[in-house]
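# Structural description and commentary
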Amino acid sequence: MPLACHTLSRKEKISFCQCLCQVKVPQEYSSNVKSLVQLKDLKLVGLKSHDCHVLMQQFLSVAIRDILSNKVRLAITRLCLFFNAISSKVLDPVKLDELENEVAIILCQLEMYFPPALFDIMVHLNCSSGQRNQML
C-alpha cells in the first residue's frame, strides 16, 4: 500500500529539521529554534506554546516548501497564513468575513489529505456555526 501524501520520508524529515535548525530570529522573538530540534531523532522537543504559535505562523510554511506535494503544501500554507492574519496586532474588520470563509475552505482541504483522527472539535472551532453546517 502506498504511503499517504502527508507522510515524510527520512530524507524529507532531515530536510525539515535542518531548515528549522538554520532559522535565526531576533532576540526575544521566540526560543532558539535550533535548540528545540533534535537532528538525531528528527523531532521537535521542548516547544512552549509561543514557540508553537511562531512555528505555525511563520516557520512551517517555509520548512515544508520543498518536501510535500503541492496540494498538501498549499493547504498547510493557507492555514499558516490564516493563523498569521488573525494573530496580527491590527485586524481589519472587513477582512474578518473573508478569513471566516477562508478557514472553512482550508479545513475542507485539510480533511481531504489528513486522517480523520487529526480533526477533533478544536479544529472546527475556527469556523462559525453557519459555516460548519455548510461544510457538512
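As a reminder, the structure under discussion sits directly above these lines.
Right, let's walk through the structure included here. Keep in mind that this is a model prediction, so the values were computed, not measured.

Procedures and definitions
- Residues numbered from 1 in each chain as written.
- Predicted model: local features only at pLDDT ≥ 70, side-chain atom pairs only at ≥ 80, totals over all residues.
- Heavy atoms only, no water.
- Helix = DSSP H or I, 4+ residues; strand = E, 2+ residues; numbered from the N terminus.
- Contact = heavy atoms within 4.5 Å.
- Bend = angle between axes of the 7 residues up to and from the residue.
- Buried < 20%, exposed > 50% of the residue type's maximum accessible area, 1.4 Å probe, protein only.
- Expected span 1.5 Å × (residues − 1).
- Salt bridge = Lys/Arg side-chain N within 4 Å of Asp/Glu carboxyl O.
- Axes fitted to C-alpha atoms, helices over the stretch in contact; angles between N-to-C directions.
- Parallel < 35°, antiparallel > 145°, perpendicular 65-115°, else oblique.
- Left-handed = near helix turned anticlockwise from the far one by under 90°.
- Nonpolar A, V, L, I, M, F, W, Y, C, P; charged D, E, K, R; others polar.

### Observations concerning the side chain of Asp51
Considering the arrangement of structural elements, one finds Asp51 in helix 3 (residues 49-63). Among all residues touching Asp51, those that are not within four sequence positions of it are Ser30, Ser31, Leu36 and Gly46.

### Observations regarding helix 3
Bending of helix 3 peaks at approximately 50° at the position of Met56. Turning to helix 3, its buried residues number three or more, namely Asp51, Val54, Leu55, Gln57, Phe59, Leu60 and Ala63. As for helix 3, its buried residues are in contact with helix 1 (10-21), helix 2 (33-36), strand 2 (43-44) and helix 4 (70-86).

### Focus: the environment of Leu96
Of note, Leu96 is situated in helix 5 (residues 93-113). Considered as a pair, Leu96 and Ile86 are 10 residues apart in the sequence and their alpha carbons are 8.5 Å apart.

### Regarding helix 4
Relative to the 24 Å expected for 17 residues at 1.5 Å per residue, helix 4 spans 24 Å between its end C-alpha atoms, a close match to the ideal helical length. Lining the buried residues of helix 4 we find helix 3 and helix 5.

### A few points about the side chain of Gln57
Along the chain, the position of Gln57 falls in helix 3. Those residues within four positions of Gln57 in sequence are excluded, and the remaining contacts are Cys80, Phe83, Asn84 and Ser87.

### Details of the pattern of salt bridges
Counted under the stated rule, the structure contains 1 salt bridge. Across the pair Glu102 and Arg78 runs a salt bridge whose closest N-O atoms are separated by 2.7 Å. Here the residue Glu102 occupies a position in helix 5, and Arg78 occupies one in helix 4, the gap between them amounting to 24 residues.

### Thoughts on the environment of Lys13
Mapped onto the elements, Lys13 comes out in helix 1. Here the alpha-carbon distance between Lys13 and Ile67, two residues 54 residues apart in the chain, equals 8.4 Å. In contact with Lys13, other than residues within four places in its own chain, are Leu8 and Leu42.

### Some thoughts on the packing of helix 1 against helix 3
In contact at an axis separation of 9 Å, helix 1 and helix 3 are set at 125° when each is read in the N-to-C sense. By the angle class used here, helix 1 and helix 3 are oblique. Crossing hand, helix 1 versus helix 3: right-handed. Seen from helix 1, the contacting residues are Phe16, Cys19 and Leu20; seen from helix 3, they are Leu55, Phe59, Leu60, Val62 and Ala63. Grouping the constituent residues of the contact of helix 1 with helix 3 by class yields 8 nonpolar, no polar and no charged.

### Quick look at unusual backbone geometry
Of note, Glu28 is a non-glycine position whose phi angle comes to about 70°, a positive value. Inspection of the secondary structure assignment puts Glu28 in the loop between helix 1 and helix 2. Judged by relative accessible area, which is 77%, Glu28 ranks as exposed. Positive phi values are uncommon outside glycine, yet Leu42 reaches one of about 55°. Relative to the helices and strands, Leu42 resides in the loop between strand 1 (37-38) and strand 2.

So, to be careful, I would describe these as geometric facts and stop short of saying anything about function.
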